[in-house]
Amino acid sequence: MTDFLVKRDDLRECRIAESEPPEIGAGQALLRVDTFGLTANNITYAVMGEAMSYWDFFPTEEGWGRVPMWGFAEVERSEVDGVEPGTRVYGYLPPSSHLAVTPVAVDGTGFVDGSPHRAALPSAYHRYLASGSDPFYRADTEAVQMLLRPLFFTSFMIDDELDDDGLTGRGPILISSASSKTAIGVAFLLAQREGVEIVGLTSSRSTEFVEGLGIYGSTVSYEEIDSLQKGPATYVDVTGNGELRAAIHSHFGDDLVRSMAVGVTHWEDFGSGGGELPGPRPTLFFAPDRIVKRGKDWGRAGLEQRAADAWNPFCDWIGEWLETIPGEGFDAVESAYLEVIEGGVDPKTAHVISLAD
Ligand SMILES: NC(=O)c1ccc[n+]([C@@H]2O[C@H](COP(=O)([O-])OP(=O)(O)OC[C@H]3O[C@@H](n4cnc5c(N)ncnc54)[C@H](OP(=O)(O)O)[C@@H]3O)[C@@H](O)[C@H]2O)c1
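Every value quoted in this text rests on a predicted model; they were computed, and no experiment measured them.

Student: With reference to specific residues and values, describe helix 7 (residues 300–319).
Tutor: What sets the pattern is the α-helix's 3.6 residues per turn: residues three or four places apart point alike. When the terminal C-alpha atoms of helix 7 are compared, their 27 Å separation across 20 residues agrees well with the 28 Å that a helix rising 1.5 Å per residue should span. Considering bend angle alone, the principal kink of helix 7 is centred on Trp311 and spans about 30°; proline Pro313 follows within four residues of it. Considered for burial, the residues of helix 7 that qualify are Leu303, Glu304, Ala307, Ala308, Ala310, Trp311, Phe314, Cys315, Trp317 and Ile318.

Now the structure itself:
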C-alpha cells in the first residue's frame, strides 16, 4: 500500500509512505486507485481539511492527511454480491494505491461506501458510479471527466441557484478566479441564458486567457475593481481572498445583491481583509447541499440527467482547448501537488495522474 501524505498543519510538507495493504472482510471490497485529476479544488480540501472535515474521509496517521481526489478506480477484490472484480468506478478517492470500501445500496449504477467513519460526512461524496451505466461516462473523455466533473457539477448547481433566486436578472454576475475550471463552468452555463452580464475577475497574468475564452462579457483584473460600474451586482467568490471581497463589498455597498462564497483558490489570503463588510453577509455555497435539495426536487436520476445534458456540450468545448498534463506514479502526485499549491499551473492546463502499474 502506498499513500501520498500531507502534513495537516503545514500543507507544503508532504511525503510518500508505504504500509501493509488493507485487509477486507465480509461486506467489503478493495479498490485499486487508477487515475485522478489534481486542481486547486483538491488544495481547498486540504485547506478546509479540519474546518469542513475533509481529512475524515480517508483517515491516516496522526497529524497527516490524505487529500481527496476525484477519479477512477477498479474493484480488485470483493466480498459483496453485485460488486464484481474488474468493475471500473468513478468517485472520491485517496491519493493511495488502494481503498477499502463497504459497499451498500448496490445496484447497476454502482454503490455507496457505507463505511461507518464516513456516515456523518456529506452524502454527495459517498457514491461510486460504475462507468458501464454512467450517463456522464465516455471512454474517450476520461481525463476531462475526472478533472472537471465535480467542478462542473458545482458550476451547474451555482448557475441553477443564481437563476432560481432571480439573480441573473439583477445586474452583472461577477465571478472571481475567472480562470479556474469551476468559474469557467459557471460562465459557460450563464452565457447560454438570455441577457445575463458576466464579468470575469482574475489576476493580471490571466486576463488574456480569460478574455480569449469568449464566455465572459468582460474581464477585469483584481487591481481594477474600482473601474466596475456601480449598481446592483452579484459576487460569486471563487478566490476566498478576504481583501478582494472587502474591495468588492466596499465598491458596491448595499447595491450588492448577493455575495456567494464558493472557493478558496487564493488560500494564503483566506482570512485577510477582516472587519465589518458593507453590503450583504457572504453566504457559503456548498454544492453537496444544493445537490441534496435538487435531488429531492428532481429525483437523483433527474438531477444526474440534467447535469449530464449540460455537461456534454461543455465537455466538447473544453476538450478542444484544455491540455492535460499527464503524470505517472507517486512522485508525479507529489510534484503536481506542489505545483498546484503554489498556483503555478497555466490555466489552460491541468494535471492528471495515473497510478496504474
Ligand atoms: N463550494 C463548493 O461546493 C465547491 C465545489 C467545487 C469547487 N469549489 C472551489 O472552487 C475553487 C476552484 O477550483 P478549481 O479546481 O476549479 O480551480 P483551478 O481550475 O485549479 O483554478 C486555478 C486558478 O485558481 C487561481 N489560483 C490557484 N492557486 C492559486 C494560488 N496559490 N494563488 C493564487 N491564485 C491561485 C488562479 O486563478 P486567478 O488568477 O483567476 O485568480 C488559477 O488560474 C476551489 O477553491 C474549489 O474548492 C467549491
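Student: Tell me about the sheet that holds strand 2 (residues 14–18), and please be specific about residues and values.
Tutor: Strand pairing in a sheet relies on backbone hydrogen bonds. The paired strands run either parallel or antiparallel. Ordered by their spatial adjacency, three strands build an open sheet running 2-1-4, and the pairing between neighbours is antiparallel. Two strands in the sheet have a free side with no partner beyond their single neighbour: strand 2 and strand 4 (64–65). Bridge count for strand 1 (residues 2–7) against strand 2 is five bridges, and the pairing is antiparallel. Along strand 2, the bridge assignment pairs Asp3 with Ala17. Docked against the sheet, helix 8 (residues 330–341) engages strand 1 and strand 2, running at close to 25° with respect to strand 1.

Student: Can you break down the packing of helix 3 (residues 181–190) against helix 7 residue by residue, with the values?
Tutor: Here helix 3 crosses helix 7 at 115°, and the two axes come no closer than 11 Å. It follows that helix 3 is roughly perpendicular to helix 7 by the angle criterion. Note on packing geometry: the crossing formed by helix 3 with helix 7 is right-handed. Judged by residue contacts, Ile184, Gly185, Phe188 and Leu189 of helix 3 engage Ala310, Pro313, Phe314 and Trp317 from helix 7. Looking at the contact of helix 3 with helix 7 residue by residue, the class counts come to seven nonpolar, one polar and no charged.

Student: I'd like to hear about the pairing of strand 15 (residues 256–261), residue by residue, with values.
Tutor: Extensive coverage of strand 15 is indicated by the burial of five of its six residues. Here strand 14 (residues 233–237) pairs with strand 15 via five bridges, running parallel. Of the residues in strand 15, the one forming a bridge with Thr234 is Arg258. Handedness of the crossover joining strand 14 and strand 15 through helix 5 (residues 242–252): right-handed.

Student: Please give an account of the site of the ligand that cites residues and values.
Tutor: As a matter of local geometry, the ligand sits amid 28 residues, with Thr39, Ser179, Thr202, Ser203 and Tyr222 nearest to it. Between the ligand and Thr202 there is a distance of 2.6 Å, counted from an oxygen atom to a side-chain nitrogen or oxygen. Taken together, the elements giving at least two residues each to the shell around the ligand come down to helix 1 (40–47), helix 2 (142–164) and helix 3. At three residues, helix 1 tops the list of elements feeding residues into the shell around the ligand. For the shell around the ligand, a count of residues per class yields 12 nonpolar, 14 polar and two charged.

Student: Describe the packing of aromatic side chains, and please don't skip the residues or the numbers.
Tutor: Evaluation of the coordinates by the stated rule reveals 26 aromatic pairs. An angle of 35° between the planes, with centres 5.1 Å apart, marks the rings of Phe188 and Trp317 as tilted. Of this pair, Phe188 sits in helix 3 while Trp317 sits in helix 7, placing them 129 residues apart in sequence. Of the residues examined, Phe188 reaches a relative accessible area of 11% and is grouped as buried. Here the guanidinium or amino end of Arg15 rests over the ring plane of Trp64, the centre of that ring lying 4.3 Å away. Lying over the aromatic face of Trp298, Arg306 brings its terminal NZ or CZ to 4.0 Å of the ring centre.

Student: Run through the layout of surface pockets, naming residues and quoting values.
Tutor: Here the second largest pocket is characterised by a volume of approximately 170 Å³. Met1, Asp3, Pro22, Arg66 and His98 are, among the 17 residues lining the second largest pocket, the residues nearest its centre. Of all the elements in the fold, those that place two or more residues in the lining of the second largest pocket are strand 1, strand 2 and strand 7 (98–101). Ranked by residues supplied to the lining of the second largest pocket, first place goes to strand 7 with three residues.

So, how was this worked out
- Residues numbered from 1 in each chain as written.
- Predicted model: local features only at pLDDT ≥ 70, side-chain atom pairs only at ≥ 80, totals over all residues.
- Heavy atoms only, no water.
- Helix = DSSP H or I, 4+ residues; strand = E, 2+ residues; numbered from the N terminus.
- Expected span 1.5 Å × (residues − 1).
- Bend = angle between axes of the 7 residues up to and from the residue.
- Buried < 20%, exposed > 50% of the residue type's maximum accessible area, 1.4 Å probe, protein only.
- Pairing = 2+ DSSP bridges.
- Contact = heavy atoms within 4.5 Å.
- Axes fitted to C-alpha atoms, helices over the stretch in contact; angles between N-to-C directions.
- Parallel < 35°, antiparallel > 145°, perpendicular 65-115°, else oblique.
- Left-handed = near helix turned anticlockwise from the far one by under 90°.
- Nonpolar A, V, L, I, M, F, W, Y, C, P; charged D, E, K, R; others polar.
- Right-handed = clockwise from strand over helix to strand, strands pointing away.
- Near = heavy atom within 4 Å.
- Polar contact = N/O pair within 3.5 Å; in protein donor to acceptor, adjacent residues only side chain to side chain.
- Phe/Tyr/Trp six-rings, centres within 6.5 Å; stacked < 30°, edge-to-face > 60°.
- Lys NZ or Arg CZ within 6 Å of the ring centre and 35° of its normal.
- 1 Å grid on protein atoms, 1.4 Å probe; cavity = no way out; pocket = protein on both sides within 12 Å on 5 of 7 lines; lining within 4 Å.
- Points joined across faces, edges and corners; volume = space filled by probe spheres on them.

The values reported here are purely geometric and, on their own, carry no functional implication.
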